[in-house]
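# Per-entry structural report
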Amino acid sequence: AQSVAQPEDQVNVAEGNPLTVKCTYSVSGNPYLFWYVQYPNRGLQFLLKYITGDNLVKGSYGFEAEFNKSQTSFHLKKPSALVSDSALYFCAVSGISGTYKYIFGTGTRLKVLA
Amino acid sequence: DAGVTQSPTHLIKTRGQQVTLRCSPKSGHDTVSWYQQALGQGPQFIFQYYEEEERQRGNFPDRFSGHQFPNYSSELNVNALLLGDSALYLCASSRLGGGTQYFGPGTRLTVL
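What counts, and at which threshold
- Residues numbered from 1 in each chain as written.
- Chains lettered and ligands numbered in written order.
- Predicted model: local features only at pLDDT ≥ 70, side-chain atom pairs only at ≥ 80, totals over all residues.
- Heavy atoms only, no water.
- Contact = heavy atoms within 4.5 Å.
- Buried area = accessible area lost by both parts, 1.4 Å probe.
- Salt bridge = Lys/Arg side-chain N within 4 Å of Asp/Glu carboxyl O.
- Polar contact = N/O pair within 3.5 Å; in protein donor to acceptor, adjacent residues only side chain to side chain.
- Helix = DSSP H or I, 4+ residues; strand = E, 2+ residues; numbered from the N terminus.
- Nonpolar A, V, L, I, M, F, W, Y, C, P; charged D, E, K, R; others polar.

Each partner contributes to the interface: chain A provides 17 residues, whereas chain B provides 20 residues. Here chain A and chain B share an interface that buries about 1500 Å² over both sides, 55% of which is from carbon and sulfur atoms. Remark: the boundary between chain A and chain B carries zero salt bridges. Run the count over chain A and chain B and you get nine residue pairs in polar contact (both at pLDDT 80 or more). Of all the secondary structure elements, the ones that give two or more residues to the side of chain A that touches chain B are strand 5 (32-38) and strand 6 (44-50) of chain A. With four residues, strand 5 of chain A is the single largest residue contributor to the side of chain A that touches chain B. Residues belonging to the side of chain A that touches chain B are distributed by class as follows: nine nonpolar, five polar and three charged.

Structural data, given as structure tokens:
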């Protein structure tokens, strides 16, 4: 079955430190991979995506993600965390066998401590 | 450039009632997808519309139905509401061909 896993419910990091939010996927073929962020009582905001090409993808607000095909991972990273980065982060996968739906992980709550 | 808009913002219904949620896609987008996000969960795909036709459907019962209009806006209808239908309903729009989906702010549905 196709799935996306975000193994950490919550990640705590000090402001100014690097952050990593983990995502692994289990799909057939070459999927499209996405990261979204959700603030309280808001919809999802697109951060970045990987389709093909360079394994390091740069996105909005200083975030980047590294695609690793052998480990089937797509971890979200940022060199220096801000308190305003505190939010709920979702990894998603699409493009599986010609499907159009996104399959989302369960989300990781990021808390950046001042 | 207006993004994806949804109405209403909040809605309270009782079991057995019917509800209609509305979505206007981002300018230039022709495809609309609907998702249900239960509390503490990731969004779950309900269905996707393109050219006024349902193109793909997730694992949701027939009580969930939709429509897309010629101007690409869309409605999600839920009949015979259950307590378990309480959730945030998200609409996302994209361009045909699997373009990135952009989400609206959602409609919070509470079923009592």
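Next comes the rest of the description.
We now examine the pattern of salt bridges. Under the criterion given, the structure shown has six salt bridges over all chains. Between E54(B) and R57(B) there is a salt bridge, with the nearest N and O atoms lying 3.1 Å from each other.

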